[in-house]
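Given next are the chains, with one letter for each unit.
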Amino acid sequence: METIGVLIVEDQAMLRESLVSTIDSQPDMHVVTSLADAAEAPGFVARGGVDLALMDVCTENDSSGIVAAKRIKRDSPKTRVVIMTGMPDITFVEQARDAGVDSFVYKNVGISELLSVMRSTDSGYSTFPKAPDSVFSGSAALTDEEIQILRLVCEAKSRKEIASELFMSEGTVKRRIGEILAKTGYDNILRLAVHAVAEGSIVPRIGDK
């Protein structure tokens, strides 16, 4: 009976060892090797024997599982890749799709669901999670102007700087911020800004433009 050769990339030793033990106990799977650094994965896969790579997004030495996945899909396109993460950043899903990843799971799934995703992925099916509801959806949807204000808050701009950049008075900026908080249910614009960046709804500019 042929079994699925699995490469595991996970920097947390306890979780990595648990995954190795669980996957090796499956009658239709075996672990080829396990790594802590995603940067080592493409070279290992290129040697052959890996049918499916199960990789975390953030790994040892600040290596990205998504970047490694892109190299694997380029150099070893027949190898299936499942990306997993315990982080809530919704941008990871789209990044993984863009990299050619076959499936994506969050670490809060049960082991039976993870194994099911791995098996279906090996069979040629893709699984991606539904994007979680945003704090800005529905009745909390912000106008373009409100999004501009929030983006500038995320960039640590003062009310005076926001007013200058958007050609409005400081009083108008204060009023708009109050409206944003009322819509989203937050009581602090900085807490809202942190949430917006964390969920990927706002991407602050880096450096001057």
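Residues numbered from 1 in each chain as written. Predicted model: local features only at pLDDT ≥ 70, side-chain atom pairs only at ≥ 80, totals over all residues. Heavy atoms only, no water.

**Student:** Could you give an account of the packing of helix α6 (residues 144–154) against helix α7 (residues 159–166), with specific residues and numbers?
**Tutor:** Axis separation between α6 and α7 bottoms out at 10 Å; the angle between their running directions is 135°. Taken together, the axes of α6 and α7 lie oblique to each other. Here the hand of the crossing between α6 and α7 comes out right-handed. In this structure, α6 contributes Gln148, Ile149, Leu152 and Val153 to the contact, and α7 contributes Ile162, Glu165 and Leu166. A per-class count over the contact of α6 with α7 returns five nonpolar, one polar and one charged. (Axes fitted to C-alpha atoms, helices over the stretch in contact; angles between N-to-C directions. Helix = DSSP H or I, 4+ residues; strand = E, 2+ residues; numbered from the N terminus. Parallel < 35°, antiparallel > 145°, perpendicular 65-115°, else oblique. Left-handed = near helix turned anticlockwise from the far one by under 90°. Contact = heavy atoms within 4.5 Å. Nonpolar A, V, L, I, M, F, W, Y, C, P; charged D, E, K, R; others polar.)

**Student:** How would you sum up the pairing of strand β1 (residues 4–9)? Please name residues and give values.
**Tutor:** Of all six residues in β1, six are buried, a share of seventy percent or more. Of the two faces of β1, the one lined by Ile4, Val6 and Ile8 and the one lined by Gly5, Leu7 and Val9 are each fully buried. Strand direction decides the pairing type here: β1 and strand β2 (residues 29–35), joined by six bridges, are parallel. Of the residues in β2, the one forming a bridge with Val9 is Leu35. Where β1 lies against strand β3 (residues 52–56), four bridges are found, and the strand directions are parallel. Bridge pairing links Val9 to Met55 in β3. (Buried < 20%, exposed > 50% of the residue type's maximum accessible area, 1.4 Å probe, protein only. Pairing = 2+ DSSP bridges.)

**Student:** Can you lay out the packing of aromatic side chains for me, pointing to particular residues and giving the numbers?
**Tutor:** All told, the structure shown has one aromatic pair when counted by the stated rule. A centroid spacing of 5.5 Å and a plane angle of 75° characterise the contact between Phe104 and Tyr106, whose relative ring orientation is edge-to-face. The buried category is assigned to Tyr106, whose relative accessible area is 18%. In this structure, Arg97 is placed above the aromatic ring of Phe128, and the distance from its NZ or CZ to the ring centre is 4.0 Å. (Phe/Tyr/Trp six-rings, centres within 6.5 Å; stacked < 30°, edge-to-face > 60°. Lys NZ or Arg CZ within 6 Å of the ring centre and 35° of its normal.)

**Student:** I'd like to hear about the environment of Ser76, residue by residue, with values.
**Tutor:** Within the secondary structure, Ser76 is located in the loop between α3 (65–75) and β4 (80–85). Sequence separation between Ser76 and Gly48 is 28 residues, and the spatial gap between their C-alpha atoms is 8.7 Å. Sequence-distant contacts of Ser76, that is, excluding residues within four places in its chain, are made with Val45, Ala46 and Arg71.

**Student:** Provide a residue-level description of the sheet that holds strand β5 (residues 103–106), including the pertinent values.
**Tutor:** The strand order across the open sheet built from five strands is β2-β1-β3-β4-β5, with neighbouring strands paired in parallel fashion. Because the sheet does not close on itself, it has two edges, and the strands there are β2 and β5. With strand direction ignored, the average angle separating the axes of adjacent strands in the sheet is 20°. Seen against the sheet, α3 touches β3 and β4 and runs at an angle of roughly 175° to β4. Across the sheet, helix α5 (residues 111–122) is in contact with β1, β2, β3, β4 and β5; its angle to β3 comes to roughly 135°.

**Student:** Please set out helix α4 (residues 91–98) residue by residue, giving values where relevant.
**Tutor:** In an α-helix, one turn spans 3.6 residues; hence positions three or four apart end up facing the same way. Listing the buried residues of α4 in full gives Phe92, Val93 and Ala96. In a view along the axis of α4, the buried residues occupy a sector of 105°, so they form one face of it. Where α4 is buried, its residues meet α3, β4 and β5. Gly100 sits one or two residues past α4 and shows a positive phi near 90°. (Arc of directions from axis to C-beta.)

On their own, these measurements won't tell you what the molecule is for.
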